[in-house]
Amino acid sequence: MDTVILRTATRALLPLLLLFSVFLFLRGHNEPGGGFVGGLMATGAITLYAMANGVAAARRVLRVSPRTLIGAGLLLGLGSGLLPILFGRDFLTGLWTTATVPGLGELHLGTPLLFDVSVYSVVTGVTLAFVLTLLEE
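Just so it is clear, the structure is predicted and the values come from calculations on it, not from any experiment.

Another aspect to go through is the overall build of the chain. From N to C terminus, the chain includes 5 helices and 2 strands. Written out in order from the N terminus, the α and β elements of the chain read α-α-α-α-β-β-α. Of all 137 residues assigned to the chain, the portion counted as buried reaches 31%. Relative to all contacts within the chain whose residues are 6 or more apart in sequence, the contacts with residues 24 or more apart total 60%.

Here we take up the pairing of strand β1 (residues 96-101). Here β1 runs beside strand β2 (residues 105-110); their pairing, made up of 6 bridges, is antiparallel. Bridging across to β2, Thr-97 finds its partner in Leu-109. Taking the residues that link successive antiparallel strands as the turn, the β1-β2 hairpin has 3 residues, and the phi of Gly-103 there is positive, at about 95°.

In this section: the UniProt feature "transmembrane region" (unreviewed entry) in the chain. Following the UniProt record, one finds the feature "transmembrane region" (unreviewed entry) at residues 12-29, 35-56, 68-87 and 117-135. Secondary structure content for residues 35-56 is 95% helix and 0% strand, while the C-alpha to C-alpha distance between its ends is 26 Å. Each end of residues 68-87 is marked by a C-alpha atom, and these two atoms are 29 Å apart; helix forms 95% of the span and strand 0%.

Structurally, the position occupied by Thr-47 is in helix α2 (residues 35-53). Excluding anything up to four places from it in sequence, Thr-47 contacts Leu-128, Val-131 and Leu-135.

Now for the nonpolar core. Generally speaking, nonpolar side chains in soluble globular proteins are found buried as a group. Judged by nonpolar contacts, Leu-14, Ala-45, Ile-46, Tyr-49, Ala-50, Val-55, Ala-57, Ala-58, Leu-62, Leu-128 and Leu-132 together constitute the single largest core of 11 residues. If you list the elements that add at least two residues to this core, you get α2, α3 (55-62) and α5 (111-136). Ala-45 has contacts with Leu-14, Leu-17 and Leu-18, leaving out every residue within four places of it along the chain.

Quick look at the packing of aromatic side chains now. Considering all chains together, one arrives at 2 aromatic pairs under this definition. Look at Phe-20 and Phe-23: their rings are 5.9 Å apart centre to centre, the planes differ by 25°, and that puts the pair in the stacked class. Note that Phe-20 and Phe-23 are positioned in helix α1 (residues 4-27) at a spacing of 3 residues, about one turn of the helix. The class for Phe-23 is partly exposed, based on a relative accessible area of 45%.

Within this structure, the stated rule accounts for 1 salt bridge. Linking Arg-59 and Glu-136 is a salt bridge whose minimum nitrogen-to-oxygen distance equals 3.2 Å. One end of the pair, Arg-59, is in helix α3; the other, Glu-136, is in helix α5, and 77 residues separate them in sequence. Since its relative accessible area comes to 34%, Arg-59 is described here as partly exposed. Under the relative-accessibility criterion, Glu-136 is labelled partly exposed at 48%.

With that out of the way, let us pick up α1. For α1, which comprises 24 residues, the first-to-last C-alpha distance of 34 Å matches the rise-based estimate of 34 Å (1.5 Å per residue) to within 8%. Along its length, α1 reaches its greatest deviation from straightness, about 35°, at Leu-13, and the proline Pro-15 lies no more than four positions downstream. Listing the buried residues of α1 in full gives Thr-10, Leu-14, Ser-21, Leu-24 and Phe-25. Looking at the buried positions of α1, the neighbouring elements they touch are α2, α3 and α5.

Reading guide: rules and limits
- Residues numbered from 1 in each chain as written.
- Predicted model: local features only at pLDDT ≥ 70, side-chain atom pairs only at ≥ 80, totals over all residues.
- Heavy atoms only, no water.
- Helix = DSSP H or I, 4+ residues; strand = E, 2+ residues; numbered from the N terminus.
- Buried < 20%, exposed > 50% of the residue type's maximum accessible area, 1.4 Å probe, protein only.
- Contact = heavy atoms within 4.5 Å.
- Pairing = 2+ DSSP bridges.
- UniProt positions renumbered as here; feature names shortened; annotations may be inferred.
- Core = buried A, V, L, I, M, F, W, Y, C linked by side-chain atoms within 4.5 Å.
- Phe/Tyr/Trp six-rings, centres within 6.5 Å; stacked < 30°, edge-to-face > 60°.
- Salt bridge = Lys/Arg side-chain N within 4 Å of Asp/Glu carboxyl O.
- Expected span 1.5 Å × (residues − 1).
- Bend = angle between axes of the 7 residues up to and from the residue.

Right under this line is the structure:
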């Protein structure tokens, strides 16, 4: 698919779709969504861009290899599971803290957020590895 309309539209849609994937990721902590759905949305955005502009252009936009995303996600997931052990708790037990951010107020941060980031990264990496390989052939 090599049309001017699709290439122009994807340049405008890519940031919006990636922002929506972050919204789905953050919303999923207490409501439907989360790392899995957010990662699939990010893959959809990059896939649309790859279909319009080519796989090489999509890889340049991505800036990291899908394999790197998979590895980083797996390590982050393992780290979020092992961190509670350092505090004498069971594997994958949630640890929570609060941080005050100017403009946002008080945020509750914890290891479940790290685990969600790891799921987002692994899902994005695995699905992009499949999709980009298929588009190259």
